[in-house]
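Remarks on the overall topology
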Amino acid sequence: MAMEWITAMDKRPCDRNLRDVELISCRLRRVEPLCRLPGSALQQLAMCGFYEDLEKGVTLFRAGEQGRFWYAVLGGSLEVRYHAHADADGKSSVTLCNLGVGATFGETILHDLPRDSTVVTKTTCELLRVEQQDFRLIWEKNKELMNDIFTNCKLKNGFGPSVQQTAAATSPTKRPLSPDHPNPALPITETPSPAMSRMGWALRTLLVADNSSCLKDRKVSGKLIRKCAPGTELVDWLVNLAPIVHTRAQAAGMWQALVEEGVLTHVNKEQPFKDKCFLYRFRLDEEGGAAAVGIPQAEDQHAANEHIREALSALFQRGPDATLRMILRKPSHERTPEELELVFEELVHIAALSHLSTSIKRELSSIFVFEAHAQAGTILFNQGDEGRSWYILLKGSVDVVIHGKGTVATLKTGDDFGKLALINDAPRAATIVLKENNCHLLRVDKEHFNRILRDVEANTLRLQEHGKDVLVLERVAKQRGQHSAFKYTVMSGTPAKMLEHLLETRLGQSVGGMDPFLDDFLLTHIVFMPVVQLDAQTPEDREYIVNFKKRVIQFMQKWVMAVRHAAFEEPSVCDFIEDLAAEVEADPDLNEETSIVHNVLTQMARYQEDRNQNAGQKWKLPPNGQPICLFSGNATPSKTVIRPDDDIIFRVYCADHTYCTLRFPMHTTAELIKACAADKLQLNRGPEDLCLVEVKSNGERSVFKDNDVSIPTGLSLNGRLFVSVKDHLDALTQLQEQECPTEGVDIDLEILSTKELAYHITLFEWDLFYAVHEYELLYHTFGRHHFGKITANLDVFLRRFNEVQYWIVTELVSTPSLSKRVGLVRKFIKLAAYCKEYQNLNAFFAVVMGLSNMAVSRLQQTWEKIPSKFRKIFQEFEALIDPSRNHRAYRVFVGKLQPPLIPFMPLLLKDMTFAHEGNKTSLDGLVNFEKMHMMAQTMRTIRFCRSRSLGLEPPSPKSEGEVRSYISSFRVIDNQRVLTAMSQKVEPTRKL
């Protein structure tokens, strides 16, 4: 039998018959772990594999060589050797591990990576050798099973921990060379943090105390493992234990947070935490000792329960980050599409990557590797070393040290380094030394970095005119489960060429489906192409003219759908639409487009009718800090939009606090306002010597640019507008009433229904949100003065956020009675819960941030009397608004909601600013359209939130009129110093 299978194996694969394949398969089934492969995979290996019988001392391949084969050991043993960088001559090396029967190696051929070590036969060996192309085919059909089998095999044969330990032993002063794929089953810290150790103790105590729990003694491969449990049962237990844990994925992430600190481990240290039947146990049980024996005492169980009640939310917050780190420690080919999408969403918010295209970020999401370094003083690399990797700091800081100069810079979280050496293929220009313990980094290795650069250039199409680029396109990568009708996306171009490309290739009867480029263009063109330039030259060919006009009509229809009334604000556009309608009526070849044009005309007529009805609309900015309202004195009516030519009445002060009252259109510039105010206040200075200034309630001054517009609506809660000589700004002081509450309805909050309060707050803020046009986000980000456009509706909505936030603080520090303050805190926590239920996340954030304000959080006597149930709810709310990882918790939460909803607007503006400041608008004379795409994504969020009308079921009305009047204008103090002083007065600091 032995000779028969070797005879069969000696044949060329194309010459083997079914009998040969069966003989070879039988031989392979005798080898662990190959015997665990399905019969079809064994037959494929038998059909394409080669047999090698090698003597002792034969080198199969060397480190750095390009891999061509995958191997399985059928007999004998081999050595895996590592050659230190300084020993390139090969005279000195370290044996990392030995490979015995059943070991497999060479999987790097799946990713076209060079060999990372040298393999030499230690004895006479029998090997199964499979060529790269054949192995890839077998792998794709059996990926998950083969990955689990071969990963376990590699760990058992010494890859993973031993590789790192051996390398570390050879270089004590410098960090070990980064492994290609860090083992996600191992801790990222040398010892668990006290907080995680305590949490592990509490969870284990409750598990052991529960006689029916999953933590039991089990036999694994004939060996008794004390107190271990399957991952699935641990997840079940945690979901049932904690109300804040809603999904199995969240529970798995919390257990992984314990695994990555070594508090919990896989029994064989081969797996990160998985919601599967893999067994895990606590560090305490692994170490043994008296603490691991017996049922916990009653007092320990009580202490564990108390600790979990107080600290479980912190573990809940760590879960998503732990899951992300686990994914980033997995080999690229093991990351699922869902995991790659999760990594991509994180990369979008890293400043060091903001200038890269979406396609490059998607590539990076599959190849970024997470590194953790426990000790400060570790050298990441030395000056003069070969540049092998690019790094981004996720946590901690590093010193940049240059010979002869010492430390020249300190890099912190979000900074990147090491890229220049890769781009220029030059030695490292400095030494990088970790400044803190437990630094976390992302790493991209050189071969991946260079491959991405090559792929980007290969997928880029450049259109030129007169030897210069006018349009740069990038091939659209196919995403699993997604289909795009467009092969290329626009990266950059001249405005005219992008419009031409859009009309010729993105519109027409043959084009269907959602086109991101078209929608991005319609939402952002005002940045690089004003409305008056949206025209095109008409060609002479009759047939082409007809097709061209059809595309223009389609463009007009989609533009109106995308930007609504903003499309009709330019008179030239209205004239163009009317002319186009006349041409369509007169041309029989355009009969099919008649209904489209009539629909656009109808929308234009409605806009003009609404504009005429509201012509001469007057607003006022009340003198005592109340929000802007119509001159009639009523609160802002339903969905009333503030228009550029609406008048607003407001006051302007001078240094001695005398004032004048002005009335101007919203679009009036600061230059005109200051000139008129100076004249009325008899400031005998020329316009060049004066400036318009806001003085805030804390005395801070903010100077307006002469060409700025929408001035009165942009003031802070208790801000006042001053005109001043430029040299005398220091003489400007706030008015006395600016430190007092703004005027509002005085009412006892205790008599108002909390649900009714949340309901009317949501209705009121929905109308404010609905009035904000997406363009206002662009005006706010780039600066109103660049467009000469107002952001009044956005200003009013943002002001409302601050009003609600400081209303919470003002009410609490204005209440001297302790019992009433406790009642108010409970009421505000319930108010936040109702706002969250109504999906008014803007008000939810405002209420929770108000309760988290320093003047409120210091009220220890008040918080001590809050029931634990309410404190726990508030902790969950604080976790949801946690700004860490770019508000990751909120983004995950809001991503699961359906419209209608009111989003947290300050975060959307932060995203717009991030895209603007991290990316140039123009690159080599071309519009950077990747930046436009990023901004359009945020603008589409607003569109999505309002894509359904608000239809809340009203609560039982108790005092509807009072509530509506009350919530339209709160009593608010926004001076933090005053609020803190009031807080000290109602609850003085305790003396120790």
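Residues numbered from 1 in each chain as written. Predicted model: local features only at pLDDT ≥ 70, side-chain atom pairs only at ≥ 80, totals over all residues. Heavy atoms only, no water.

**What to know about the overall build of the protein**
Threshold: Helix and strand labels come from DSSP, where a helix needs a run of H or I of at least four residues and a strand needs a run of E of at least two; each type is numbered from the N terminus. Residue exposure (1.4 Å probe, protein chains only): buried if accessible area is under 20% of the type maximum, exposed if over 50%, otherwise partly exposed. We call two residues contacting when some pair of their heavy atoms lies within 4.5 Å. The Shrake-Rupley method, run with a 1.4 Å probe, gives the accessible areas here. Residue values count only the displayed protein chains as cover. The convention is simple: Lys and Arg are positive, Asp and Glu are negative, and His and the chain ends are not counted. For the purpose of locating charges, the reference atoms are NZ of Lys, CZ of Arg, CG of Asp and CD of Glu.
When its secondary structure is counted, the protein shows 35 helices and 32 strands. Considering only C-alpha atoms, the protein reaches an extent of 105 × 90 × 65 Å along its principal axes. The proportion of buried residues among the 992 residues of the protein is 51%. Here the contacts in the protein between residues at least 6 apart in sequence split such that 71% fall between residues at least 24 apart. About 45,700 Å² of surface is accessible on the protein, with carbon and sulfur atoms providing 51% of the total. Separation of charge centres in the protein, based on 120 positive and 126 negative side chains, amounts to 6 Å.

**Observations concerning the packing of helix 3 (residues 39-48) against helix 4 (residues 132-141)**
The test is simple: Axis angles are defined between N-to-C directions and span 0 to 180 degrees, where every axis is a line fitted to C-alpha atoms and, for a helix, only to the segment in contact. An angle counts as roughly parallel when it lies under 35 degrees, as roughly antiparallel when it exceeds 145, as roughly perpendicular when it falls between 65 and 115, and as oblique in every other case. Amino acids are sorted into nonpolar (Ala, Val, Leu, Ile, Met, Phe, Trp, Tyr, Cys and Pro), charged (Asp, Glu, Lys and Arg) and polar (every other residue, Gly among them).
Interaxial distance between helix 3 and helix 4 falls to 10 Å at its minimum, and their mutual angle equals 175 degrees. Taken together, helix 3 and helix 4 sit at an angle that is classed as roughly antiparallel. Facing helix 3, whose interface residues are Ala 41, Gln 44, Leu 45 and Cys 48, helix 4 presents Asp 134, Ile 138 and Lys 141. Grouping the amino acids of the contact of helix 3 with helix 4 by side-chain chemistry returns four nonpolar, one polar and two charged.

**What to know about the domain arrangement of the protein**
Formally: Domains are outlined according to an automatic or database domain assignment. Buried area adds together the accessible area that both of two parts lose upon being put together, with accessible area traced by a 1.4 Å probe. Take a side-chain nitrogen of Lys or Arg and a carboxyl oxygen of Asp or Glu: if they are within 4 Å of each other, that pair is a salt bridge. Two N or O atoms form a polar contact when they lie within 3.5 Å of each other; inside protein one atom must be a possible hydrogen donor and the other a possible acceptor, and for residues adjacent in sequence the pair counts only when both atoms belong to side chains.
Under the domain assignment used here, the protein contains domain 1 (3-150), domain 2 (194-321), domain 3 (341-447), domain 4 (456-506 + 515-533 + 541-614), domain 5 (622-738) and domain 6 (749-900 + 948-986). Distance between the C-alpha centres of domain 3 and domain 4: 42 Å. With both sides pooled, the region where domain 3 packs onto domain 4 buries about 280 Å², and carbon together with sulfur makes up 61% of that total. Seen at the junction of domain 3 and domain 4, the total is zero salt bridges. In this assembly, domain 3 and domain 4 are joined by zero residue pairs in polar contact (both at pLDDT 80 or more).

**Some details on the sheet that holds strand 8 (residues 125-131)**
Our working definition: When DSSP finds two or more bridges between two strands, those strands count as paired.
In space, the four strands of this open sheet follow the order 1-8-3-6, with antiparallel pairing throughout. The sheet is open, and its two borders are formed by strand 1 (50-54) and strand 6 (104-105), each paired with just one other strand. Bridge count between strand 3 (residues 69-75) and strand 8: six bridges; the pairing is antiparallel. Across the sheet, the residue bridging to Gly 75 is Glu 126, located in strand 8. Here helix 3 sits on the sheet and contacts strand 1, strand 3 and strand 8; the angle it forms with strand 8, its principal contact strand, is near 95 degrees.

**With respect to helix 7 (residues 194-209)**
Rule in force here: The span you would expect from a helix comes to 1.5 Å times its residue count less one.
Its 16 residues give helix 7 an end-to-end C-alpha distance of 22 Å, which sits within 8% of 22 Å, the value for a rise of 1.5 Å per residue. Within helix 7 the residues assigned to the buried category are Met 196, Met 199, Gly 200, Ala 202, Leu 203, Arg 204, Thr 205, Leu 206, Leu 207 and Val 208. At its buried positions, helix 7 is contacted by strand 10 (223-230), helix 8 (231-241), helix 9 (248-259), strand 12 (279-282), helix 10 (283-287) and helix 11 (298-328).

**Brief notes about the nonpolar core**
Our working rule: Residues enter a nonpolar core if they are buried and are Ala, Val, Leu, Ile, Met, Phe, Trp, Tyr or Cys, with the set joined through side-chain atoms within 4.5 Å.
Ranked by internal contacts, the top residues of the largest apolar core, which has 154 residues, are Phe 521, Val 652, Leu 757, Trp 807 and Phe 828. Ranked by residues supplied to this core, first place goes to helix 25 (residues 792-813) with 13 residues. Leave out the neighbours within four places in its chain, and Trp 807 touches Leu 749, Leu 757, Phe 828, Leu 831, Tyr 966, Phe 970, Arg 971 and Val 972.

**So, the UniProt feature "domain: Ras-GEF" (unreviewed entry) in the protein**
To keep things clear, this is the line we draw: UniProt positions are given in the numbering used here, feature names are shortened, and annotations may be inferred rather than shown by experiment.
UniProt records the feature "domain: Ras-GEF" (unreviewed entry) for residues 753-989 in the present numbering. The span residues 753-989 is 70% helical and 2% strand by assignment, and the distance between its end C-alpha atoms comes to 33 Å.

**So, the pairing of strand 27 (residues 659-665)**
Side-chain alternation along strand 27 places Cys 660, Leu 662 and Phe 664 on a buried face and Tyr 659, Thr 661, Arg 663 and Pro 665 on a face that remains uncovered. Pairing analysis gives seven bridges linking strand 26 (residues 647-653) to strand 27, with the strands arranged antiparallel. Within strand 27, the position partnered with Asp 647 by the bridge is Pro 665. Taking the residues between adjacent antiparallel strands as the criterion, strand 26 and strand 27 are bridged by five residues, where His 657 takes a positive phi near 75 degrees.

**What about unusual backbone geometry?**
Cis geometry is found at the peptide bond from Pro 899 to Pro 900, where omega equals 5 degrees. A positive phi angle is found at Asn 438, which is not glycine, with a value near 55 degrees. Within the secondary structure, Asn 438 sits in the loop between strand 19 (431-434) and strand 20 (439-445). The partly exposed category is assigned to Asn 438, whose relative accessible area is 27%. With a phi angle near 75 degrees, His 657 is a residue other than glycine that sits in the positive phi range. When you line up the elements, His 657 lands in the loop between strand 26 and strand 27.

**Details of the pairing of strand 22 (residues 468-475)**
In the sheet, strand 21 (residues 460-465) pairs with strand 22 via six bridges, with the strands oriented antiparallel. Within strand 22, the position partnered with Arg 462 by the bridge is Val 472. Where strand 21 folds back on strand 22, the antiparallel hairpin that results is connected by two residues, among which His 466 adopts a positive phi of roughly 55 degrees. Of the strand pairs in this sheet, strand 22 and strand 23 (residues 488-493) are connected by five bridges, and their pairing is antiparallel.

**As for the UniProt feature "domain: Ras-associating" (unreviewed entry) in the protein**
When the UniProt feature table is mapped onto this chain numbering, "domain: Ras-associating" (unreviewed entry) sits at residues 646-728. Secondary structure within residues 646-728 divides into 13% helix and 35% strand; the distance between the first and last C-alpha atoms comes to 33 Å.

**What to know about the confidence of the model for the protein**
How we decide: Residue-level confidence of the predictor is what pLDDT reports, using numbers from 0 through 100.
Residues of the protein with pLDDT of at least 70 account for 91%, and the chain-wide mean is 85. This stretch, residues 85-91, has a pLDDT under 50; its non-local contacts, to residues over four places away or in other chains, come to three contacts. Contacts for the low-pLDDT stretch residues 633-637, under 50 throughout, to residues beyond four places or in other chains number eight contacts.

**Considering the packing of aromatic side chains**
Threshold: For Phe, Tyr and Trp, rings pair up if their centres lie within 6.5 Å, where Trp contributes its six-membered ring, and each pair is then called stacked (planes under 30 degrees apart), edge-to-face (over 60) or tilted (otherwise).
Tallied over the full model, the rule gives 40 aromatic pairs. Seen from their ring centres, Phe 517 and Phe 521 are 6.2 Å apart, and the 65 degrees between their planes marks the pair as edge-to-face. Taken together, the residues span about one helical turn, with Phe 517 and Phe 521 both in helix 17 (residues 516-528) at a distance of four residues. Each of the two residues, Phe 517 as well as Phe 521, counts as buried. With a centroid separation of 6.2 Å and 85 degrees between ring planes, the pair formed by Tyr 890 and Phe 904 is classed as edge-to-face. Here Phe 904 lies in the loop between helix 31 (884-894) and helix 32 (905-917) and Tyr 890 lies in helix 31, a separation of 14 residues in the sequence. Judged by its relative accessible area of 5%, Tyr 890 is buried. For Phe 904, a relative accessible area of 6% puts it in the buried group. Among the aromatic residues, those joined into a cluster by ring pairs are Phe 801, Phe 844, Phe 845, Phe 877, Tyr 890 and Phe 904.

**Let's talk about the environment of Asn 684**
The residue Asn 684 is located in the loop between helix 21 (670-680) and strand 28 (690-695) in this model. A C-alpha to C-alpha distance of 40 Å links Asn 684 and Leu 909, two positions 225 residues apart in sequence.

**Some words on helix 26 (residues 818-837)**
Under the 1.5 Å per step criterion, the end-to-end length of helix 26 is 29 Å for 20 residues, consistent within 8% with the ideal 28 Å. Every buried residue of helix 26 is accounted for by Arg 821, Val 822, Leu 824, Val 825, Lys 827, Phe 828, Ile 829, Leu 831, Ala 832 and Cys 835. Looking one or two residues past helix 26, Gln 839 carries a phi angle of roughly 65 degrees, positive in sign.

**Looking at the sheet that holds strand 16 (residues 397-402)**
Pairing is antiparallel across the open sheet formed by four strands, whose spatial order is 14-19-16-17. Looking at strand neighbours, the two that pair on one side only are strand 14 (379-381) and strand 17 (406-412), the edges of this open sheet. Taken over all neighbouring pairs, the strand axes of this sheet differ in orientation by 30 degrees on average, direction set aside. The pairing of strand 16 with strand 17 spans six bridges and is antiparallel. Residue pairing for strand 17: Ile 402 is matched across the bridge by Gly 406.

**What about the pattern of salt bridges?**
Summed over the entire model, instances satisfying the criterion amount to 46 salt bridges. For Glu 306, the salt bridge goes to Arg 309, with nearest N and O atoms at 2.1 Å. Of the two residues, Glu 306 and Arg 309 are both situated in helix 11; the distance of three residues between them amounts to about one turn of the helix. Taking the shortest distance from any N to any O, the salt bridge between Arg 943 and Asp 519 comes out at 3.1 Å. With Arg 943 in helix 33 (residues 929-945) and Asp 519 in helix 17, this residue pair connects regions lying 424 residues apart in the sequence.

**Topic: the packing of helix 16 (residues 495-505) against helix 17**
To keep things clear, this is the line we draw: By definition, any crossing whose near helix is turned counterclockwise from its far helix by less than a right angle is left-handed, and any crossing with a clockwise turn is right-handed.
Running from amino to carboxyl end, helix 16 crosses helix 17 at an angle of 155 degrees, the nearest separation of the two axes being 12 Å. As judged from the angle between their axes, helix 16 and helix 17 are roughly antiparallel. Relative to helix 17, helix 16 is oriented so that their crossing is left-handed. Taken together, the residues of helix 17 that come into contact with helix 16 (itself represented by Pro 495, Met 498, Leu 499, His 501 and Leu 502) are Phe 517, Leu 518, Phe 521 and Phe 528.

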